[in-house]
Amino acid sequence: MNSAKVSRLIDELSKLLEASRRAVVFTGAGISTESGIPDFRSPGGFWSNNQPIYFRDFLAFEDMRREAWRRKLAFEESFKAAQPNRGHRAIAHLVKQGKVSGVITQNIDGLHQRSGIPEEKVIELHGNSTYAVCLSCERRYELAPILAAFRIDEQPPECECGGLIKTATISFGQPMPVEAMQNARLETEACDLFLAVGSSLVVYPAAGFPALARQHGARLVIINRDSTELDYLADLVLNAEIGETLGEVTGVE
């Protein structure tokens, strides 16, 4: 997309934001790849070469739990080193202004919260990888001591109650979080502008929210480096870098 066209589309996005009274931002992996976090689902990504660990297998087999924690250990450094980028900061700016009422995210990296968006404004559809929980009593665990112990003996952690401890993410085959899905639906139905940012919009049920927003009369904007299957529904499509685009619109560096 040439620079003149991008500038024109950015102007159109600015006008849509200015006219909006209640916008919602929906983010996918594309915004976090600009912070150095790999996109696991893209061709050549992690899931192209590694079998996913299904939730039922995590529950049933110790070796599957061990492998899940090995993978977490292997990726922990890249996740810890990642910092919110210009796109995250631009969205945080829109939230602070009161222009964006909530952020619905498929990401598990916690970068929206670290960018300054209040916890209650972020709806995590796929959970959060920055801490762990007991699957029985729901006690929260910080990762550092769990990973330190795992490095020594590779024993999958267990809670004091006897329950299994797992990162607070939604695994393949694990039910979607009911409260998060309900809150995302309410935000989507109430908004007048829905910004889908950095998502390929192929992972359902999360990818159904842009269409839901359109059904309830909202304008739809899609910002993604590549085209998506829902571009035909959008009022505006920008195939451009996310941080640069949102930074230009908001004036955030």
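Every value quoted in this text rests on a predicted model; they were computed, and no experiment measured them. (Residues numbered from 1 in each chain as written. Predicted model: local features only at pLDDT ≥ 70, side-chain atom pairs only at ≥ 80, totals over all residues. Heavy atoms only, no water.)

## Here we look at the overall build of the protein chain
We count it as follows: Where helices and strands are cited, they refer to DSSP runs of H or I of at least four residues and of E of at least two residues respectively, numbered from the N terminus. Based on C-alpha atoms, the radius of gyration is set beside the globule rule, defined as 2.2 Å times the residue count to the power 0.38. Residue burial is assigned from relative accessible area. The probe radius is 1.4 Å, only protein chains are included, and a residue is buried under 20% of its type maximum, exposed over 50%, and partly exposed in between. For this analysis, residues touch if any pair of their heavy atoms sits within 4.5 Å. Here, Shrake-Rupley sampling with a 1.4 Å probe gives the accessible areas, and only protein chains in the shown set may cover a residue. We treat Lys and Arg as the positive residues and Asp and Glu as the negative residues; His and chain ends play no part in the count. Where a charge lies is defined by one atom per residue type, namely NZ (Lys), CZ (Arg), CG (Asp) and CD (Glu).
Helix and strand content of the protein chain: 11 helices and nine strands. Rg of the C-alpha trace for the protein chain: 19 Å, near the compact-globule value of 18 Å for 253 residues, within the 12% margin. Considering only C-alpha atoms, the protein chain reaches an extent of 55 × 35 × 30 Å along its principal axes. Each of the 253 residues in the protein chain was classed as buried or not, and the buried ones make up 50%. If you take every contact in the protein chain between residues at least 6 apart in sequence, the share linking residues at least 24 apart comes to 69%. Accessible surface for the protein chain amounts to roughly 12500 Å². Of this, 48% is attributable to carbon and sulfur atoms. Of the side-chain charges in the protein chain, 27 are positive and 33 negative, and the distance between the mean point of each set is 2 Å.

## Quick look at the packing of aromatic side chains
The test is simple: Any two of the Phe, Tyr and Trp rings considered here, Trp counted by its six-membered ring, make a pair once their centres fall within 6.5 Å; the pair's planes then place it as stacked at under 30 degrees, edge-to-face at over 60, or tilted in between. Geometrically, a charge over a ring is one whose NZ (Lys) or CZ (Arg) sits within 6 Å of the ring centre while staying within 35 degrees of the ring normal.
Under the definition given, this model contains two aromatic pairs. Ring centres of Tyr54 and Phe172 lie 5.8 Å apart, and the angle between their planes is 55°; on these two criteria the pair is classed as tilted. With Tyr54 in the loop between helix H3 (46-49) and helix H4 (55-60) and Phe172 in the loop between strand E6 (165-169) and helix H9 (178-190), this residue pair connects regions lying 118 residues apart in the sequence. On the basis of relative accessible area, Tyr54 is assigned to the partly exposed category, the value being 32%. On the basis of relative accessible area, Phe172 is assigned to the partly exposed category, the value being 25%. The aromatic ring of Tyr54 is capped on one face by Arg56, whose charged end is 5.0 Å from the ring centroid. The residue whose ring lies beneath Arg140 is Tyr131, and the NZ or CZ to ring-centre distance is 3.7 Å.

## Describing the sheet that holds strand E8 (residues 219-223)
Worth spelling out the cut-off: For two strands to count as paired, DSSP must find a minimum of two bridges between them. Only the contacting stretch of a helix is used when fitting its axis, a line to C-alpha atoms as for every element, and angles between N-to-C directions run 0 to 180 degrees.
One open sheet accounts for six strands, arranged E3-E2-E1-E7-E8-E9; its pairing is parallel. Pairing within the sheet leaves two strands with one partner each, and these edge strands are strand E3 (122-124) and strand E9 (236-238). Here the strands of the sheet are splayed against their neighbours by 15° on average, with no regard to which way each runs. Relative to E9, E8 runs parallel, the two sharing three bridges.

## Topic: the sheet that holds E6
Here three strands make up an open sheet; going across it, the order is E5-E4-E6 and the pairing antiparallel. With one partner strand each, in any of the chains shown, strand E5 (140-142) and E6 form the two edges of the open sheet. With strand direction ignored, the average angle separating the axes of adjacent strands in the sheet is 45°. Where strand E4 (residues 127-134) lies against E6, five bridges are found, and the strand directions are antiparallel. Bridge pairing in E6 places Asn128 opposite Ala168. This element, helix H8 (residues 143-153), spans E4, E5 and E6 of the sheet and lies at about 65° to E5.

## Some details on the pattern of salt bridges
Convention followed: Salt bridge criterion: a side-chain nitrogen from Lys or Arg within 4 Å of a carboxyl oxygen from Asp or Glu.
Enumeration according to the criterion identifies 14 salt bridges in this entry. In this structure, Arg71 engages Glu67 in a salt bridge whose closest nitrogen and oxygen atoms are separated by 3.1 Å. In this pair, Arg71 and Glu67 are both assigned in helix H5 (residues 62-81), four residues apart and thus about one turn of the helix distant. One network of salt bridges, in which partners are shared, links Glu67, Arg70, Arg71 and Glu154.

## Observations concerning the packing of H5 against H8
Test applied: Convention used here: angles under 35 degrees read as roughly parallel, angles over 145 as roughly antiparallel, angles from 65 to 115 as roughly perpendicular, and any remaining angle as oblique. In this scheme, a crossing is called left-handed if the near helix is turned counterclockwise away from the far one by less than a right angle; it is called right-handed if the turn is clockwise. Amino acid classes used here: Ala, Val, Leu, Ile, Met, Phe, Trp, Tyr, Cys and Pro are nonpolar; Asp, Glu, Lys and Arg are charged; the rest, including Gly, are polar.
The geometry of H5 relative to H8 is characterised by a closest axis approach of 11 Å and an angle of 115° between their N-to-C directions. Relative to H8, H5 is oriented roughly perpendicular. For the pair H5 and H8, the crossing hand works out as left-handed. Contacts between H5 and H8 involve Arg66, Trp69, Arg70, Lys72, Leu73, Glu76 and Glu77 on the former and, on the latter, Leu143, Ile146, Leu147, Phe150 and Arg151. By residue class, the composition of the contact of H5 with H8 is six nonpolar, no polar and six charged.

## Considerations on H8
Counted only if it meets this: The reported arc concerns the directions from the helix axis to the C-beta atoms and nothing else.
Along H8, the residues that are buried comprise Leu143, Ile146, Leu147 and Phe150. Taken down its axis, H8 places every buried residue within 90° of arc, on the same side. Within H8, the exposed residues directed more than 90 degrees away from the buried face are Ala144, Pro145 and Ile152. Tucked into the core, H8 has its buried residues touching H5, E4, E5 and E6. At the exit of H8 stands Glu154, carrying a positive phi of roughly 55°.

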